[in-house]
Amino acid sequence: MSAGSPISRLWPAPSPTPLDDTELTALYGRAAGPHLRVNFVTSVDGAVTVDGYSAGLSGEPDKRVFGLLRMLCDGLLVAAGTLRHEGYNAVRLSGPRRAWRRAQGLAEYPTLVVVSGSLDLDPAQTAFADAPVRPVVLTHAAAEAPPGLAEVAELVRCGTDRVDLAAGLAELRRRGLGQLLCEGGPHLFGALTAADLVDEVCLTVAPLLAGAGPGRITAGDPGPHRELPLRHVLAATDGTLMLRYARDGAPAPGAQPGA
Ligand SMILES: NC(=O)c1ccc[n+]([C@@H]2O[C@H](COP(=O)([O-])OP(=O)(O)OC[C@H]3O[C@@H](n4cnc5c(N)ncnc54)[C@H](OP(=O)(O)O)[C@@H]3O)[C@@H](O)[C@H]2O)c1
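Just so we're clear, the structure is a prediction, and the values are computed from it rather than from any experiment. (Residues numbered from 1 in each chain as written. Predicted model: local features only at pLDDT ≥ 70, side-chain atom pairs only at ≥ 80, totals over all residues. Heavy atoms only, no water.)

*Asks:* Just checking my understanding: could you explain the overall build of the chain for this structure?
*Replies:* Within the chain one finds eight helices and 10 strands. A compact globule built from 259 residues would reach a C-alpha radius of gyration of about 18 Å, and the chain, at 18 Å, matches this within 12%. Considered along the principal axes of its C-alpha atoms, the chain spans approximately 55 × 45 × 35 Å. Counting all 259 residues of the chain, 46% fall into the buried class. A separation of at least 24 residues holds for 69% of the contacts in the chain among residues at least 6 apart in sequence. Here the chain has roughly 11,600 Å² of accessible surface; of this, 55% comes from carbon and sulfur atoms. Positive and negative side-chain charges in the chain, numbering 23 and 27 respectively, have mean positions lying 5 Å apart. (Helix = DSSP H or I, 4+ residues; strand = E, 2+ residues; numbered from the N terminus. Rg over C-alpha atoms; globule rule 2.2 N^0.38 Å. Buried < 20%, exposed > 50% of the residue type's maximum accessible area, 1.4 Å probe, protein only. Contact = heavy atoms within 4.5 Å. Areas by Shrake-Rupley, 256 points an atom, 1.4 Å probe, with all protein chains shown as cover. Lys, Arg positive; Asp, Glu negative; His and termini not counted. Charge placed at Lys NZ, Arg CZ, Asp CG, Glu CD.)

Below you can see the structure in the form of structure tokens.
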């Protein structure tokens, strides 16, 4: 059990006691087939950042679920904007989480996948330079790589002059990265939604009014709205809510691990 604010399930069936990490892991689970899960944290009034960053929204319960979702995925998808702005470090997992992955027959670490059209990326950023697994950069045919990037990451080109996300995800799945976790940011989420590629959204609502100013968790060109049924509601004792939505046909939580 994690110290801090215990997490319980409110819906559909209230949990009689707080959830331990094994129970939380089963509630989120891995899908039985290809799956794109998106994870965001927001304020009560819908802000994507506080003082310019997501850190001000993310308390201990959110960090706990954030880490478990990383443990569950094959590929960790992040847009270049968030990678640059939030100063992403190399993806690390604790010993017990690496052991859990090995026991499931998974690679010890998920592969970081960065989506970038400009390739304005710094090969010295620790997300690349210290990565335990060679990251993938999803880009397009016309993008020119800066010196050193190809040494620290594999460039996968999908699309002629913009990143074709559907083709990119298909290529990731072909490489065995079937279970994808997207950590944002809003422009990537908006583009994935527009392309109808989002299977699941895990949304943390922090008990905080951020006030006017920050954007939403999604951005970019408008597209058609889509139904996304609620699957569970968790609450931490500090007032943090953790909501899981997945579309019909999406594999149930707790499904057997699979690619
Ligand atoms: N609350 C949260 O949970 C959360 C999570 C993540 C981020 N954030 C916040 O969100 C902000 C950054 O978000 P953002 O919306 O400005 O940027 P973003 O979505 O993180 O990144 C946008 C970038 O993604 C790349 N990209 C390439 N192909 C794309 C495509 N087809 N569709 C969309 N993006 C594509 C482009 O990179 P190139 O410029 O390299 O071409 C584009 O500039 C930061 O303030 C961060 O703190 C909050």
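*Asks:* What's the story with the confidence of the model for the chain in this structure? I'm lost.
*Replies:* Any region with low pLDDT has predicted coordinates that should not be read closely. Averaged over the chain, the pLDDT score is 95; the fraction of residues at 70 or greater is 95%. In this model residues 255–259 is a low-confidence stretch, pLDDT under 50, and it forms 16 contacts with partners more than four residues away in sequence or in other chains. (pLDDT = per-residue confidence, 0-100.)

*Asks:* I keep staring at the site of the ligand and nothing clicks. Help me out?
*Replies:* Near the ligand you find 25 residues, and of these Thr82, Glu86, Ser116, Ser118 and His187 are the closest. With respect to the ligand, the side chain of Glu86 contributes an N or O atom lying 2.3 Å from an oxygen atom. Ser118 is positioned with one of its backbone polar atoms (N or O) 2.7 Å from an oxygen atom of the ligand. For the ligand, whose free accessible area comes to 930 Å², the fraction covered by protein is 80%. Within the residue set of the shell around the ligand, elements represented by two or more residues are β2 (35–43), α3 (80–85) and α8 (186–194). Here the residues of the shell around the ligand are counted per class, giving 11 nonpolar, 11 polar and three charged. (Near = heavy atom within 4 Å. Polar contact = N/O pair within 3.5 Å; in protein donor to acceptor, adjacent residues only side chain to side chain. Nonpolar A, V, L, I, M, F, W, Y, C, P; charged D, E, K, R; others polar.)

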